[in-house]
Amino acid sequence: MMNKKIESAFNDQINAELFSDYLYLAMAAHLESENLKGMAHWMKVQADEEFEHAKRFVDFIHDRDGKVKYAAIEAPKGKWASPLEAFKEAYEHEQYISKRIHELMDLAIAEKDYPAQEFLHWFVSEQVEEEASTLEIVGKLEMVGDSKNGLFMMDHELGKREDD
Ligand code: OFO
């Protein structure tokens, strides 16, 4: 029997992961429309990862004999002033998701839910990577500034991201 507080918090996290998926798809669509296909590709790979994150929570709830509940997903915005603004927002979003994961861990510890704690360890490490990768891109885009050549090179580099 799954702890009800954990079940409810994990269902909320499914929604947050699906929103992340939606947000990165929206960023991909925007970048694609700006002819930055490499950056759009990076965002699409990221969106796929988010869908996988949501599925991990779904599978865990099922494994613990809990009940999955899907809620409406908030609409993401559709436009960003520049690629730098989009990646900055991605970095801020990942910091927000890390905070949520840490709060879930706090709850799992308070509830003495050892399987949930074990499950969340993967996400704690994953968030370190998610923040690092988005911050690295923000740093490079800041270096590039308004240089069209630099943006072209960044687009090329980010287009090489492989599916994880
Ligand atoms: Fe699911 O890690 Fe990003 O949001």
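Residues numbered from 1 in each chain as written. Predicted model: local features only at pLDDT ≥ 70, side-chain atom pairs only at ≥ 80, totals over all residues. Heavy atoms only, no water.

Caption draft 1: Molecular detail of the side chain of E50. Relative to the elements of secondary structure, E50 occurs in helix α2 (residues 37-63). Of the side chains with opposite charge, R161 comes closest to the buried, unpaired E50, at an N-O distance of 7.8 Å. Setting aside chain neighbours within four positions, we find E50 in contact with E17, S20, D21, Y24, E94 and E130. (Helix = DSSP H or I, 4+ residues; strand = E, 2+ residues; numbered from the N terminus. Buried < 20%, exposed > 50% of the residue type's maximum accessible area, 1.4 Å probe, protein only. Lys, Arg positive; Asp, Glu negative; His and termini not counted. Salt bridge = Lys/Arg side-chain N within 4 Å of Asp/Glu carboxyl O. Contact = heavy atoms within 4.5 Å.)

Caption draft 2: Structural context of helix α4 (residues 114-144). With 31 residues, α4 extends 46 Å from end C-alpha to end C-alpha; this agrees with the ideal 45 Å at 1.5 Å per step. The sharpest bend along α4 comes to roughly 25 degrees, located at L120. The backbone nitrogen of A116 has a side-chain oxygen 3.0 Å away, supplied by the residue at the start of α4, namely D113. One or two positions beyond α4, positive phi appears at G145, with a value near 60 degrees. (Expected span 1.5 Å × (residues − 1). Bend = angle between axes of the 7 residues up to and from the residue. Polar contact = N/O pair within 3.5 Å; in protein donor to acceptor, adjacent residues only side chain to side chain.)

Caption draft 3: Spatial organisation of a nonpolar patch on the surface. Together, Y22, L25 and I73 line one region of the surface with nonpolar side chains, adding up to about 260 Å² of accessible area. You can call I73 partly exposed: its relative accessible area is 35%. (Patch = residues over 30% accessible without salt bridge, like charges linked within 9 Å, V, L, I, M, F, W, Y side chains within 5 Å. Areas by Shrake-Rupley, 256 points an atom, 1.4 Å probe, with all protein chains shown as cover.)

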